[in-house]
Amino acid sequence: MSTTMLTRTTVRARGVTKVYAAGGGADAGVQALGGVDLDIAQGAFLAVMGPSGSGKSTLMHCLAGLDRPTSGTITIEDTDITTLSERRLTDLRRDRIGFVFQQYHLLSELNGSENILLPLRMAGRRPDPAWLEAVVDALRIGDQLCRRPSELSGGQQQRVGVARALAARPAVVFADEPTGNLDAASGRDVLEFLRYSTREFGQTIVMVTHDPMAASYADRVVLLLDGRISGELATPTPESVLGALQELRG
Ligand code: ADP
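Worth saying up front: this structure is predicted, and the values here are computed from it rather than measured. (Residues numbered from 1 in each chain as written. Predicted model: local features only at pLDDT ≥ 70, side-chain atom pairs only at ≥ 80, totals over all residues. Heavy atoms only, no water.)

Draft legend 1. The site of the ligand, seen in detail. Residues in contact with the ligand, as listed here, are Tyr20, Val30, Ala32, Pro51, Ser52, Gly53, Ser54, Gly55, Lys56, Ser57 and Thr58. At 2.7 Å from an oxygen atom of the ligand is found a main-chain nitrogen or oxygen belonging to Gly53. For the ligand, an oxygen atom lies 3.0 Å from a polar atom in the backbone of Gly55. With the chains in place, 59% of the 560 Å² that the ligand exposes on its own is no longer accessible. Of all the secondary structure elements, the ones that give two or more residues to the shell around the ligand are β2 (30–41) and α1 (56–63). Ranked by residues supplied to the shell around the ligand, first place goes to α1 with 3 residues. Class assignment of the residues belonging to the shell around the ligand gives a composition of 4 nonpolar, 6 polar and 1 charged. (Near = heavy atom within 4 Å. Polar contact = N/O pair within 3.5 Å; in protein donor to acceptor, adjacent residues only side chain to side chain. Areas by Shrake-Rupley, 256 points an atom, 1.4 Å probe, with all protein chains shown as cover. Helix = DSSP H or I, 4+ residues; strand = E, 2+ residues; numbered from the N terminus. Nonpolar A, V, L, I, M, F, W, Y, C, P; charged D, E, K, R; others polar.)

Structure follows, in structure tokens:
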């Protein structure tokens, strides 16, 4: 029996360029992205890699609606975010996008549970208790919810940060070097959960990293060079990612 799988595209980029204005009048500026086409399927775990200055942060900021491309289009679940007003873009980020930061960015005066719920509260949305319980259980942070960040290890803080990113069941989670501040074991915990969330919850994740080990948890790696996609790896391993990066650097 054959099954037809309908894959939905959650994030779609077409011809995305970004030129940062230079200081002086006639100066051409810096081209950070030179025409990026990218489709990210629902439930994909995508890692974006490339040398420093290749455009990873710029691409992520454009895809997440934190910055606007100079040209091209980006859609998130069929909404063209490049033409939205600032206000509607802010609403879309709050409602449909989750963020995980290298430095966690938890609020020190709130406990774990309050930190996780903060984005929902700010959006005036009611939490889904069953969903939150599933996320908290999978992250094994149930006994840390009453603690403030200062009472948690780095790995525990990042797992709270990941729960916060998923709390609103966003269309896509953008993770910027989510394991950059963690020891190897805590980093693995976070990466295993991210992968689990794509497989079990259908969560879509885009992760920027320079660590081949971290990228090997993704199911697809896109390599950037000089603001363009210069290669791609399916079913990456630490070795294949390292090899591809070395090739990229020539
Ligand atoms: P990566 O994240 O891969 O290190 P970035 O996206 O930060 O790369 O940068 C891509 C290019 O754009 C680099 O040449 C960088 O110097 C330039 N750039 C990034 N942000 C700015 C900015 N705000 N103003 C001017 N140039 C920038």
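Draft legend 2. Local environment of helix α8 (residues 238–249). Counted at 1.5 Å a residue, the expected span for α8 with its 12 residues is 16 Å, and the 17 Å between its end C-alpha atoms agrees. All of the buried residues in α8 are Val241, Ala244, Leu245 and Leu248. On an axial view of α8, the arc spanned by its buried residues comes to 100°, and they lie on one face. Turned more than 90 degrees away from the buried face of α8, the exposed residues are Glu239 and Glu247. In this fold, the buried residues of α8 make contact with β3 (45–49), α7 (212–215), β9 (220–225) and β10 (228–234). Gly250 lies just past α8 and shows a positive phi near 70°. (Expected span 1.5 Å × (residues − 1). Buried < 20%, exposed > 50% of the residue type's maximum accessible area, 1.4 Å probe, protein only. Arc of directions from axis to C-beta. Contact = heavy atoms within 4.5 Å.)

Draft legend 3. Spotlight on the sheet that holds strand β5 (residues 79–80). What the 4 strands build is an open sheet, ordered β2-β1-β4-β5; its pairing is antiparallel. The sheet is open, and its two borders are formed by β2 and β5, each paired with just one other strand. Strand direction decides the pairing type here: strand β1 (residues 9–20) and β2, joined by 9 bridges, are antiparallel. Considered in β2, the bridge of Thr17 is made with Gly34. (Pairing = 2+ DSSP bridges.)

Draft legend 4. The sheet that holds strand β6 (residues 97–100), seen in detail. Here 6 strands make up an open sheet; going across it, the order is β6-β7-β8-β3-β9-β10 and the pairing mixed. The sheet terminates laterally at β6 and β10, the two strands that pair on one side only. Averaged over neighbouring strand pairs, the angle between their axes works out to 20° when direction is ignored. As paired elements, strand β7 (residues 172–176) and strand β8 (residues 205–208) share 4 bridges and run parallel to each other. Bridge assignment links Val173 to a residue of β8, and that residue is Ile205. Those strands touched by α8 are β3, β9 and β10, and its axis lies near 15° from that of β9. (Axes fitted to C-alpha atoms, helices over the stretch in contact; angles between N-to-C directions.)

Draft legend 5. The pattern of salt bridges, seen in detail. In total, this model carries 11 salt bridges according to the counting rule given. Where Asp39 meets Arg12, a salt bridge forms, and the shortest distance between an N and an O atom there is 3.6 Å. Of this pair, Asp39 sits in strand β2 while Arg12 sits in strand β1, and the two are 27 residues apart along the sequence. For Asp39, a relative accessible area of 30% gives the class partly exposed. Two residues, Arg94 and Asp95, come together in a salt bridge whose shortest N-O distance is 3.9 Å. Accessibility expressed as a relative area gives 24% for Asp95, which makes it partly exposed. (Salt bridge = Lys/Arg side-chain N within 4 Å of Asp/Glu carboxyl O.)

Draft legend 6. Main features of the packing of helix α5 (residues 154–166) against helix α6 (residues 184–201). Running from N to C, α5 and α6 point in directions that differ by 20°, and their axes come no closer than 9 Å. The orientation of α5 relative to α6 falls into the category roughly parallel. Note on packing geometry: the crossing formed by α5 with α6 is right-handed. Contacts between α5 and α6 involve Gly155, Gln158, Arg159, Val162 and Leu166 on the former and, on the latter, Ser186, Asp189, Val190, Phe193, Leu194, Ser197 and Phe201. Looking at the contact of α5 with α6 residue by residue, the class counts come to 6 nonpolar, 4 polar and 2 charged. (Parallel < 35°, antiparallel > 145°, perpendicular 65-115°, else oblique. Left-handed = near helix turned anticlockwise from the far one by under 90°.)

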